[in-house]
Amino acid sequence: MTIDEDGMTEVFVTSKPPTVSPVSGERMSATQKVFAVMECVATSERPLTVSDLAVLLDVPKASMHRIVHQLDGDGLLMPEPGCRGYVPGPRLLNFGLHVVNAGMRNAPRHAVLQRVSAETGETVNFGLISGGSLVYVDRVEAAWPFGLRYEIGSRVPAYCTSMGKLLLAHMPKRRRDHFLSVTHLHPYTPHTMTDPAALEEQFAEIRSQGYSLDDQEFLAGVVCVAVPVHDARGQVCSAIAASAPLARMPIEKAVGHVELLTRAAAEISASWSLDNSEEDAPPPADKDD
């Protein structure tokens, strides 16, 4: 939803307006509406009334009453004493703390990506397959101008990207066959491989050599190289990749980064194993015993 400055001033006479989705309330799903309400309340500098939220999100006041009542009952919002507005409830505050803690746990992984980017001089990505696409979970941009910027959370095709192909290669064959059967294998460039049989041959090669290449298969003029990242059980669960324009990173140079990427992937895997061992370890003995 887009709210003009006059409307924003009318509702927020004493506070900075929160950041809200530009999607009209009529087009938002029920889940989106609930999240948007929590986002509004969490980012506001003052308690928000039901009327405030209804105007901000372009949702009928009666519907907003129901949403706020449910969130209040669930402990996600709570009324501010002395006024009709709502503020984050204990569950929402606790959720926010968990999100911050999750970011702190991911800090070692991001530090590894930063180091690899600094050593290679290229953009380094960390991703996994989710919902039929390759999702960028973390990334460090190169200092060089790349021309294309993908935000964390961006989705790209799996069958024609280095990380996506690597993860497909290590996927159980029945699941991989189903994945490819329901995926439209669009030829993004003249180099995109769209024949399932040819892809299957490449998947076998990827498993054998331990890395995957994207030779301008998704973006013309862009080369990527990826290696697997294993979870605490030793299963391939995600991937790390370096990407750059072909003029700066020809295939031979990309393959030369495999050893560095493999060491970085092992560091990330080791950090997860350490986390699991710490969780499973018995509590320290009481020194007074």
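Counting of residues starts from 1 at the beginning of each chain's written sequence and follows it residue by residue. pLDDT decides what is reported in this predicted model: residues at 70 or higher carry local features, side-chain atom pairs at 80 or more are listed and counted, and totals for whole chains, interfaces and linings draw on all residues regardless. Values reported for side chains reflect all heavy atoms of the structure, with hydrogen atoms and water molecules removed beforehand.

Caption draft 1: Layout of the nonpolar core. Judged by nonpolar contacts, the single largest core of 23 residues is most densely connected at I129, L168 and L180. Among the secondary structure elements, those contributing two or more residues to this core are β4 (133-140), α7 (162-169), α8 (173-181), α9 (196-209) and β8 (236-245). Only DSSP runs of H or I with at least four residues qualify as helices, and only runs of E with at least two residues qualify as strands; both kinds are numbered from the N terminus onward. A total of five residues in this core trace back to one element, the largest contributor, which is α7. Note on definitions: a residue-residue contact is assigned when non-hydrogen atoms from the two residues lie within 4.5 Å. Setting aside anything within four residues of it in sequence, one finds L168 in contact with I129, A158, Y159, R176, F179, L180 and F203. Buried residues of nine kinds, namely Ala, Val, Leu, Ile, Met, Phe, Trp, Tyr and Cys, make up a nonpolar core once their side-chain atoms join them within 4.5 Å. Three labels apply to residues, based on accessible area from a 1.4 Å probe with only protein chains included: buried if under 20% of the type maximum, exposed if over 50%, partly exposed otherwise in between.

Caption draft 2: Representation of the packing of helix α2 (residues 30-43) against helix α4 (residues 61-73) in the model. Axes here mean lines fitted to C-alpha atoms, for a helix over just the part in contact, with angles spanning 0 to 180 degrees between N-to-C directions. Contact pair α2 / α4: the axes reach a minimum separation of 11 Å and the direction vectors enclose 70°. Regarding the angle of α2 to α4, the classification is roughly perpendicular. Between α2 and α4, the contacting residues are K33, V34, V37 and M38 on the first element and M64, I67, V68 and L71 on the second. For this classification, under 35 degrees means roughly parallel, over 145 means roughly antiparallel, 65 to 115 means roughly perpendicular, and everything else is oblique.

Caption draft 3: A look at the environment of P90. Within the secondary structure, P90 is located in helix α5 (residues 90-105). By relative accessible area, P90 is classed as exposed at 53%. For the pair P90 and L76, spaced 14 residues apart in the sequence, the C-alpha separation amounts to 6.4 Å. With sequence-adjacent residues up to four places away left out, P90 is seen in contact with G75 and M78.

Caption draft 4: Spotlight on α9. A helix is expected to span 1.5 Å for every residue after the first. The end-to-end C-alpha separation of α9 is 20 Å, in line with the 20 Å expected for 14 residues at 1.5 Å each. When we look at burial in α9, the residues that qualify are L199, E200, Q202, F203 and I206. Seen from one end, α9 has its buried residues packed into an arc of 165°, which puts them on one side. For α9, the exposed residues set more than 90 degrees away from the buried face come down to E201 and S208. Here the buried face of α9 lies against α7, α8 and β6 (212-215). The arc under discussion is defined with respect to the helix axis, by the directions toward the C-beta atoms.

Caption draft 5: Focus on the pattern of salt bridges. Take a side-chain nitrogen of Lys or Arg and a carboxyl oxygen of Asp or Glu: if they are within 4 Å of each other, that pair is a salt bridge. Applying the stated criterion to the full structure yields 11 salt bridges. Its salt-bridge partner being E122, residue R248 comes within 2.8 Å of it at the nearest N-O pair. Here E122 lies in the loop between α6 (107-120) and β3 (123-130) and R248 lies in the loop between β8 and α10 (251-256), a separation of 126 residues in the sequence. Judged by relative accessible area, which is 2%, E122 ranks as buried. A salt bridge links R139 to E141, with the shortest nitrogen-to-oxygen separation between them at 2.9 Å. Judged by its relative accessible area of 27%, E141 falls in the partly exposed class. Via salt bridges that share partners, R115, E119 and E267 belong to a single interconnected network.

Caption draft 6: How the structure looks around the environment of A226. The topology assignment puts A226 in strand β7 (residues 222-230). When the C-alpha positions of A226 and H257 are compared, they lie 9.2 Å apart, and in sequence the two are 31 residues distant. Ignoring anything within four residues of it in the chain, the contact list for A226 reads S162, M163, L166, Y211, S212, I240 and A241.

Caption draft 7: The arrangement of the packing of aromatic side chains in detail. Side-chain rings of Phe, Tyr and Trp (the six-membered ring for Trp) are treated as a pair once their centres are within 6.5 Å; stacked means planes under 30 degrees apart, edge-to-face means over 60, and tilted covers the remaining angles. Applying the stated criterion across every chain, the model contains two aromatic pairs. A ring pair is formed by Y159 and Y188, whose centres lie 6.5 Å apart and whose planes are at 40°; its orientation type is tilted. With Y159 in the loop between β5 (155-156) and α7 and Y188 in the loop between α8 and α9, this pair connects stretches of sequence that are 29 residues apart. We classify Y159 as buried; its relative accessible area is 2%. Here the aromatic rings of Y188 and F218 are separated by 5.1 Å at their centres, their planes lie at 80°, and the arrangement is edge-to-face.

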